[in-house]
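Secondary and tertiary structure notes
So the chains spell out like this:
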Amino acid sequence: MKKSFFFVSMLTFILSIFPLASQEVQFSGEAGSLWATAVRSENRGDFVLGDNYIKGKFEAFYGNSSAFAEGRTGFDSLENKAYAEVREIYVDYTTDCWGIRVGRQKTAWGKADGINITNLVCPKDYSSVRTLFENEYLAVDASRISINSENLSADFYYIPFFTPAALSEETKSQLSTLTEPDLTFSSAEYALKLSGYFSGLDLSLYGFYGWEDMPFLDYRISSEKVQVAANYKKVLMMGADAAIPLGETVLRLEGAFFPKRHFQTSAEKILSGGEYTEEHNNFSGLAGLDWMREGCTFTAQYFFDCLFGERKNLERSRKFEHGSTLSISKKFFSERLELSVSAVLMLKDFDSFIKAHAEYSLTDSLYLKAGGYIFNHGKEKGSYGQYEDYTSIYIKARYVF
């Protein structure tokens, strides 16, 4: 996007001269190497991930103003190519009552752990195996206006440039065309978050009007070949979440309603002359419990997604989908060693994903980590079983500076 590139270029120029007048400048970063090898696929023993990287953060402050930039560069040994990316780059102006942030920025909505319910502003990154394992999100080019009082806050986002989820090269090669929304005022995205922080309750309300991050596929036969065109559709979301402390336990609740949301129809329906999407009301929800004590953290969640109306024309196999998550972590030896395991289980197909690791701090800056990613299919491959060949063990070393 040329306009988006110009937008970020101007911010880069501002950040380059900001330190000349700043009162304080901070720089931090991390260098690391991550390698994973398959343990279940036909190519057992082969590397499925090899990443050597350096990432850094720059912060500068002057009065009520500040500037921030974060980037990452590295070499993907599996794809045999170097990469470089600007993850965030923005400027801030903040007072006691209000603030404004302009630039490429990230935000995470909701109180769910690893499950998206209301978290729609920033799209997912599916561009590589590395981003699949690290559950990466992309920043959006936006302006955010914040209004704050003692225990209330409001954040309004204006997002003029649509940022879709990043697709892998393999996925894009299967598409005949990929059409993104035009860069017009009517194609901008808008988001609103209202939050209240009280003695026995944290409550947030959300509203989002924009575009679905993933495209919908339209199949057409041309010259005896199936042409696949990908297009994006509008989406409206209204949601809320709450966190309620109950002694050493915290109860988390979250829900989102999508009126007339677009859903992909089946290829058979499309090729027989039908539309490639259907509109259905959709509701997603989550309930979770957190327990923390003496360096131990325990989290359990139940989540669901419900589609209203008939689904016979849809690619989606069920009207009601649900699952659960469990996460346990514990620190030992004066917090130098951390052991962690987390799992997601879908309660229809019983496909699952398990992630476990042990990380040891050799010094305050040097860390060694080993673990595994396990994808399992149940009665059907489901959401996680399709990645079964990526089941792997990994080692990672990182130096923080």
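Residues numbered from 1 in each chain as written. Predicted model: local features only at pLDDT ≥ 70, side-chain atom pairs only at ≥ 80, totals over all residues. Heavy atoms only, no water.

1. Examining a nonpolar patch on the surface
Going by this rule: Exposure above 30% relative accessible area and no salt bridge define the residues that can form patches, which grow by joining like charges within 9 Å and nonpolar side chains of Val, Leu, Ile, Met, Phe, Trp and Tyr within 5 Å. Using a 1.4 Å probe, accessible areas were evaluated by the Shrake-Rupley method; residue-level cover was limited to the displayed protein chains. Every case where a carboxyl oxygen of Asp or Glu lies within 4 Å of a side-chain nitrogen of Lys or Arg is listed as a salt bridge. For the purposes of this entry, the term helix denotes a DSSP run of H or I that reaches at least four residues, the term strand denotes a run of E that reaches at least two, and both are numbered from the N terminus. We call a residue buried when its accessible area falls under 20% of the maximum for its residue type, exposed when it is over 50%, and partly exposed in between, using a 1.4 Å probe and counting protein chains only.
A contiguous nonpolar patch, built from Tyr93, Trp98, Ile100, Ile145, Ile147, Leu152, Phe156, Leu192, Leu194, Phe198, Leu203 and Leu205 and spanning about 1000 Å² of accessible area, is present on the exposed surface. Elements that contribute at least two residues to the nonpolar patch include exactly β5 (98-105), β6 (140-148), β7 (152-159), β9 (189-198) and β10 (201-211). By the element assignment, Trp98 lies in strand β5. Relative accessible area serves as the criterion here: at 40%, Trp98 is assigned to the partly exposed category.

2. Remarks on the pairing of β10
Note the threshold: When DSSP finds two or more bridges between a pair of strands, those strands are recorded as paired.
Pairing between β9 and β10: nine bridges, direction antiparallel. Opposite Lys193, over in β10, you have Tyr206 as the bridge partner. Turn length for the β9-β10 hairpin, with the two strands adjacent in sequence and antiparallel, is two residues. One ladder, built from ten bridges, connects β10 with strand β13 (residues 234-246); its direction is antiparallel.

3. With respect to the pattern of salt bridges
Here the structure, examined in full by the defined rule, presents 19 salt bridges. The shortest N-O distance in the salt bridge between Arg398 and Glu30 comes to 3.2 Å. On the criterion of sequence distance, the pair formed by Arg398 in strand β21 (residues 392-400) and Glu30 in strand β1 (residues 24-38) is long-range, its members being 368 residues apart. Between Arg87 and Glu136 there is a salt bridge, with its nearest N and O atoms 3.0 Å apart. Note that Arg87 is positioned in strand β4 (residues 81-94) and Glu136 in the loop between α2 (129-134) and β6, a separation of 49 residues in sequence. You'll find Arg87 and Glu136 in the same group, each marked buried. Residues participating in the shared-partner salt-bridge network are Glu30, Glu359 and Arg398.

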